[in-house]
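Below, each chain spelled out in residue letters.
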Amino acid sequence: MKILVLGTGGTIASARTEMGYKATLSADDILQLAGIKKEDGVKIETQDILNLDSTLIQPEDWVTIGRAVFEAFNEYDGIVITHGTDTLAYTSSALSFMIRNPPVPVVLTGSMLPITEPNSDAPRNLRTALTFAGKGFPGIYVAFMDKIMLGTRVSKVHSLGLNAFQSINYPDVAYVKGDEVLVRHRPRIGNGEPLFDPELDPNVVHIRLTPGLSPEVLRALSRTANGIVLEGYGAGGIPYRGRNLLRVVSETAREKPVVMTTQALYGGVDLTRYEVGRRALEAGVIPAGDMTKEATLTKLMWALGHTKDLEEIRRTMEWNIAGEIRGS
């Protein structure tokens, strides 16, 4: 059994500095501080590809990480990625679209407390990730607080608490207790040849609808982007009373994709439920279904990286690629 640990920085790799915590530790440092031996029935190798606070992670970095993962498939039985928590869900979603049919487990993990601090959750999360990575369940996952979650279904729901991640609108895949993996749900993962398809267009703007939002502000933001994600209320809809955002959305949706997600954590979007939602559908808005906000954004970037044709993008957004939308 041979597992690769890819280091990208984040809190798990951080130490105190005069400016606060900063990612400074290598993947080897993390393993050593966690008390994990590199030769103990499982051979663990490491590679540092980034060392960044995940707030600084950009779409180009997803491609760098994805390429390192894809190139490791022939040599390793599992891959663990240590990553900062702030954008971990974006990275796990983006990798899920860029890497098709992964033949081995790819598990992202991190920590809420640096591994250099007492009572850090880093050793626990790292052991969870390594254990699952060695069990032979192909796919892209996130390991946190003994839980294994599908990479396209994860959101960070707490800024400080240790149980910071949840699987949204989808069951946890498994739980890890010591060396035992308790599988609860097996996602349907493609079994074709592995494919690395990293084409992205990061020029997507995410706009949260709020009472009083000016149509001119929405129009200005929409002009500069190749795609728009609108984060609406509840089951979804576009305001048109007083400040007519619907008119701006309708104009924009004729030229570029406008996708609607929801500010609610659970349940997803159903634009057929209310009159305001049906008007949005008539205006050309693409519903995100029960996708997370992170999956919606990264999927639209990935779709736009392949085409600017609105109908093709609509089909891609409605197509279940990596378990991100209902029907998986």
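Right above here is the structure, for reference.
A quick note: this is a predicted structure, and the numbers were derived from the prediction, not measured.

**Q** I would appreciate a short explanation of the layout of surface pockets in the present structure.
**A** To find the voids left in a structure, one rolls a probe of water-molecule size over its atoms. Each pocket or cavity is described by its volume, and for the largest pocket that value is around 430 Å³. Elements represented by at least two residues in the lining of the largest pocket include exactly α4 (122-133) and β12 (174-177). Top element by residues in the lining of the largest pocket is α4. It accounts for five residues. Counted by class, the lining of the largest pocket contains seven nonpolar, four polar and eight charged residues.

**Q** I would appreciate a short explanation of the sheet that holds strand β5 (residues 78-82) in the present structure.
**A** Across the sheet, eight strands lie side by side as β4-β1-β5-β7-β8-β9-β12-β13; this open sheet has mixed pairing. Pairing within the sheet leaves two strands with one partner each, and these edge strands are β4 (43-52) and β13 (180-183). Geometrically, the sheet is characterised by an average inter-axis angle of 25° between neighbouring strands, direction not taken into account. In terms of strand pairing, strand β9 (residues 147-150) meets β12 through two bridges, oriented antiparallel. Along β12, the bridge assignment pairs K147 with Y175. Against the sheet, helix α2 (residues 59-72) touches β1 (2-9), β4, β5 and β7 (105-109), its axis set at about 165° to β4. Relative to the sheet, α4 contacts β1, β4, β5, β7, β8 (139-144), β9, β12 and β13, its axis offset from that of β7 by approximately 175°.

**Q** Just to check I follow, could you spell out the environment of A68 for this structure?
**A** Tracing the chain through its elements places A68 in helix α2. Beyond its immediate stretch of four places on either side in the chain, A68 contacts L6 and I49.

**Q** Just to check I follow, could you spell out the pattern of salt bridges for this structure?
**A** Close approach of charged atoms allows side chains of opposite charge to pair. Within the structure shown, the criterion is met by 15 salt bridges. Where D86 meets K156, a salt bridge forms, and the shortest distance between an N and an O atom there is 2.7 Å. Within this pair, whereas D86 is found in the loop between β5 and α3 (88-98), its partner K156 is found in strand β10 (residues 154-156), the two being separated by 70 residues in sequence. We classify D86 as partly exposed; its relative accessible area is 43%. What makes K156 partly exposed here is its relative accessible area of 24%. Close ionic contact of D290 with R153 constitutes a salt bridge, the shortest N to O distance being 3.2 Å. Of this pair, D290 sits in the loop between β18 (286-287) and α8 (293-304) while R153 sits in the loop between β9 and β10, and the two are 137 residues apart along the sequence. With respect to class, D290 is no different from R153; both count as buried. One salt-bridge network, held together by shared partners, links K2, K43, E45 and E75.

**Q** Is there a simple way to think about the pairing of β7 in this case?
**A** The side chains of a regular strand alternate between the sheet's two faces. With respect to burial, β7 is a largely interior element, five of its five residues being buried. Residue alternation in β7 divides its side chains into two sets, P105, V107 and T109 and V106 and L108, and both sets are buried. The pairing of β5 with β7 spans four bridges and is classified as parallel. Bridge pairing in β7 places I81 opposite L108. Where β7 lies against β8, four bridges are found, and the strand directions are parallel. When the sheet's bridge partners are listed, P105 is paired in β8 with G139.

**Q** Would you mind showing me how to read the packing of α2 against α3 here?
**A** Helix-helix packing: each pair is described by the crossing angle between the helix axes and the interaxial distance. Running from N to C, α2 and α3 cross one another at 60°; their axes reach a closest spacing of 10 Å. Between α2 and α3, the angle falls in the class oblique. In this structure, α2 meets α3 at a crossing whose hand is right-handed. On α3, the residues touching W62, V63, I65 and G66 of α2 are Y90, T91, A94, L95 and M98. Its residues assigned to classes, the contact of α2 with α3 comprises seven nonpolar, two polar and no charged.

**Q** Looking at this structure, I do not really get a nonpolar patch on the surface. What am I missing?
**A** Side chains of Y240, Y274 and V276 sit close together on the surface and give an oily, nonpolar patch of about 260 Å² of accessible area. Mapping Y240 onto the fold places it in the loop between β16 (227-232) and α6 (245-253). For Y240, a relative accessible area of 31% corresponds to the partly exposed category.

**Q** Hey, could you run me through α4 in this one?
**A** Every α-helical turn comprises 3.6 residues, leaving residues that sit three or four positions apart pointing alike. The end-to-end C-alpha distance of α4, which contains 12 residues, comes to 16 Å, matching closely the 16 Å that a straight helix rising 1.5 Å per residue would cover. Along α4, nine of the 12 residues are buried, which leaves the element largely enclosed by surrounding structure. Three or more residues of α4 are buried, namely A122, N125, L126, T128, A129, L130, T131, F132 and A133.

Criteria and cut-off values
- Residues numbered from 1 in each chain as written.
- Predicted model: local features only at pLDDT ≥ 70, side-chain atom pairs only at ≥ 80, totals over all residues.
- Heavy atoms only, no water.
- 1 Å grid on protein atoms, 1.4 Å probe; cavity = no way out; pocket = protein on both sides within 12 Å on 5 of 7 lines; lining within 4 Å.
- Points joined across faces, edges and corners; volume = space filled by probe spheres on them.
- Helix = DSSP H or I, 4+ residues; strand = E, 2+ residues; numbered from the N terminus.
- Nonpolar A, V, L, I, M, F, W, Y, C, P; charged D, E, K, R; others polar.
- Pairing = 2+ DSSP bridges.
- Axes fitted to C-alpha atoms, helices over the stretch in contact; angles between N-to-C directions.
- Contact = heavy atoms within 4.5 Å.
- Salt bridge = Lys/Arg side-chain N within 4 Å of Asp/Glu carboxyl O.
- Buried < 20%, exposed > 50% of the residue type's maximum accessible area, 1.4 Å probe, protein only.
- Parallel < 35°, antiparallel > 145°, perpendicular 65-115°, else oblique.
- Left-handed = near helix turned anticlockwise from the far one by under 90°.
- Patch = residues over 30% accessible without salt bridge, like charges linked within 9 Å, V, L, I, M, F, W, Y side chains within 5 Å.
- Areas by Shrake-Rupley, 256 points an atom, 1.4 Å probe, with all protein chains shown as cover.
- Expected span 1.5 Å × (residues − 1).

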